[in-house]
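Secondary and tertiary structure notes
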Amino acid sequence: MGKYNWTIDDLKAKFKLLEELISHEKDAQRIELIDSDLNFLLNIFEEYDSKDTIQQPKYIDLYREYKTKYEGIKFLWSDFQRFNSLANSNGLKVFDLKKSRLSSDDLLSLTHDFYKSLDKFFFENFLKTFKDRQTHIRFQTYADGFHCGETISISALKESFIDIQRVFDLQDLFATVHEYSHATSVQINDLHLQLNKELYVEIDPLFMEIIFADYYYQQSNDKDAYTYRINNYLEYLVYSNMISLLLSLMNFDRQQEIKTVKGLRNGIQKSKFNYLPLEESFEYLKYPCERYITCYMIAIELYNIYKQDKDKALYLLRKIIYMSNLSSKQYYNNIKRLGINPNQSISDFQKELQSNMKRIRKR
Ligand SMILES: [Zn+2]
């Protein structure tokens, strides 16, 4: 067997195993968990089968989808708007990352050392998934239209299959750290990926990415750690702007929807972060922007706590990962009850990014 590989057949074997398990299972909560894994895998198989023939969704359909989705998360609207008004790109610029020669083994060992530097709890849970890496992670060369990384987790088995699409710069390392965070969280709480928590599943990986930039810069003196962090931030500003546009166009009725899509196009043209071509900005409609911005807002606050008290931040993150069986809104309220208030530290974070930027400019 080749090193670091898995295929769709491995997932199909897990599917069979789950079917076997569910036929003997008596516990109702376990049955529900296995059932959701089975459905999740079925979707993955469908995606794989249709990868070549995938139809581009129409923008109007995307807009309708978004509209329904945003109606369901009204409790986040004011924080989205605040993030959008506070976040700015002052003094920040996108830079290309330089090519990197990190091998798959390098990516894994750097990721390992980073998780080791966190704390015993996170490291032990990380190791539970990392030990299977020979058959549970694969590295491929990035193909257009793909994600940079994906983790397919089977919660009932506490197993994750990680796919890294390599672009051969520092993004590969950040993607590996990110995906291992997903896989680690499933070890901590097998209910972490349940449906109502979907909005929050990027908190841990985004937080890990932010602290990894400092960690890696200290280890390697590689300024690309901060270039990546800043590029990422600027990308999230586009997401945020996109959300704000969508929210301003929410009140249209069905007949006005075509107009709305036109409005979106115009809005993007006037966007305050419009350094992307129009078509490319419009592509953001396909992304779950609301999930990334929600998690990013929380990750920024956790980072601010982390800088003052590492243990406290990791403890709070652990609490968030342990939360389960709540509604989307309850999750949000419970996170705030931990003392994590979105948009409090955004200006501190921006100051930090600006000082990172100064380092990058001194190339
Ligand atoms: Zn992710």
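Below: a short report on this structure. (Residues numbered from 1 in each chain as written. Predicted model: local features only at pLDDT ≥ 70, side-chain atom pairs only at ≥ 80, totals over all residues.)

Okay, the overall build of the chain next. Looking only at helices and strands, one finds 16 helices and 3 strands in the chain. A separation threshold of at least 6 residues defines the contact pool for the chain, and within that pool the share at least 24 residues apart is 76%. (Helix = DSSP H or I, 4+ residues; strand = E, 2+ residues; numbered from the N terminus. Contact = placed C-beta atoms within 7 Å.)

All right, on to helix α2 (residues 28–49) then. In an α-helix, one turn spans 3.6 residues; hence positions three or four apart end up facing the same way. Taking 1.5 Å per residue as the helical rise, α2 with its 22 residues ought to reach 32 Å, and the 32 Å between its terminal C-alpha atoms agrees with that figure. Every buried residue belonging to α2 is among Leu 33, Ile 34 and Asp 37, and all of these are buried. The arc that holds the buried residues of α2, viewed along the axis, is 90°, so those residues lie on one side. Set apart from the buried face of α2 by more than 90 degrees, the exposed residues are Ala 28, Asn 39, Leu 42, Asn 43, Glu 46 and Asp 49. On its buried face, α2 is in contact with α1 (8–24) and β2 (149–154). (Expected span 1.5 Å × (residues − 1). Buried ≥ 20, exposed ≤ 12 C-beta atoms within 10 Å, placed from the backbone. Arc of directions from axis to C-beta.)

Along the chain, Leu 317 turns up in helix α14 (residues 310–322). Using a count of 27 C-beta atoms within 10 Å as the deciding quantity, one classes Leu 317 as buried. Considering only alpha carbons, one finds Leu 317 and Phe 207, 110 residues apart in sequence, at a separation of 9.0 Å.

Before going further, it helps to spend a moment on the nonpolar core. Judged by nonpolar contacts, the single largest core of 80 residues is most densely connected at Phe 207, Ile 293, Tyr 296, Ala 299, Leu 302 and Tyr 303. Filtering out sequence-adjacent residues up to four positions away, Tyr 296 remains in contact with Leu 206 and Tyr 236. Listed in part, the 5 residues of the second largest apolar core include Leu 18, Ile 34, Ile 154 and Ala 156. (Core = buried A, V, L, I, M, F, W, Y, C linked by C-beta atoms within 7 Å.)

Although it is not a glycine, Asn 221 adopts a positive phi angle of roughly 65°. In this structure, Asn 221 sits in the loop between α9 (203–220) and α10 (224–248). By C-beta crowding, Asn 221 is classed as exposed, having 9 other C-beta atoms within 10 Å.

One way to put it is that α9 packs onto α10 with a least axis distance of 8 Å and a crossing angle of 165°. Comparing their axes, α10 and α9 come out roughly antiparallel. Considering the relative orientation of α9 and α10, their crossing is left-handed. Contact residues: α9 offers Ile 210, Ala 213, Tyr 216 and Tyr 217, while α10 offers Ala 225, Tyr 226, Tyr 228 and Arg 229. Among the residues forming the contact of α9 with α10, the class breakdown is 7 nonpolar, no polar and 1 charged. (Axes fitted to C-alpha atoms, helices over the stretch in contact; angles between N-to-C directions. Parallel < 35°, antiparallel > 145°, perpendicular 65-115°, else oblique. Left-handed = near helix turned anticlockwise from the far one by under 90°. Nonpolar A, V, L, I, M, F, W, Y, C, P; charged D, E, K, R; others polar.)

Judged by pairing direction, the sheet is mixed, and its 3 strands sit side by side in the order β1-β3-β2 without closing on themselves. Looking along the sheet, the strands with just one partner apiece sit at the ends: β1 (137–141) and β2. Neighbour-to-neighbour, the strand axes of the sheet open up by a mean angle of 15°, direction not taken into account. Where β2 lies against strand β3 (residues 159–166), 6 bridges are found, and the strand directions are antiparallel. Looking at the pairing, Ser 153 lines up with Ser 160 of β3. (Pairing = 2+ DSSP bridges.)

As a further point, take the environment of Arg 359. Among the secondary structure elements, Arg 359 is positioned in helix α16 (residues 346–361). Distance from Arg 359 to Thr 227, taken between C-alpha atoms, is 9.5 Å for residues 132 residues apart in sequence. Excluding anything up to four places from it in sequence, Arg 359 contacts Lys 223 and Tyr 226.

This paragraph deals with helix α5 (residues 104–118). Across its 15 residues, α5 extends 22 Å between first and last C-alpha, which sits within 8% of the 21 Å expected from 1.5 Å per residue. The complete set of buried residues in α5 reads Leu 107, Leu 108, Thr 111, Phe 114 and Tyr 115. Along α5, the residues classed as buried sweep out an arc of 125° about the axis, all on the same side. Exposed side chains of α5 directed beyond 90 degrees from the buried face belong to Asp 105, Ser 109 and Asp 113.

Now for the pairing of β3. Pairing of β1 with β3, which is carried by 5 bridges, proceeds in the parallel orientation. Directly across from Ile 137, in β3, lies its bridge partner Ile 162.

Attention shifts here to the packing of α1 against α2. Two numbers describe how α1 lies on α2: the axes approach to 10 Å, and their chain directions differ by 150°. It follows from the interaxial angle that α1 and α2 lie roughly antiparallel. The element α1 and its partner α2 pack so that their crossing is left-handed. Side by side, α1 and α2 meet where Ile 8, Leu 11, Phe 15, Leu 18, Glu 19, Leu 21 and Ile 22 of the first sit next to Ile 31, Ile 34, Asp 35, Asp 37, Leu 38, Leu 41, Ile 44 and Tyr 48 of the second. Looking at the contact of α1 with α2 residue by residue, the classes come out as 12 nonpolar, no polar and 3 charged.

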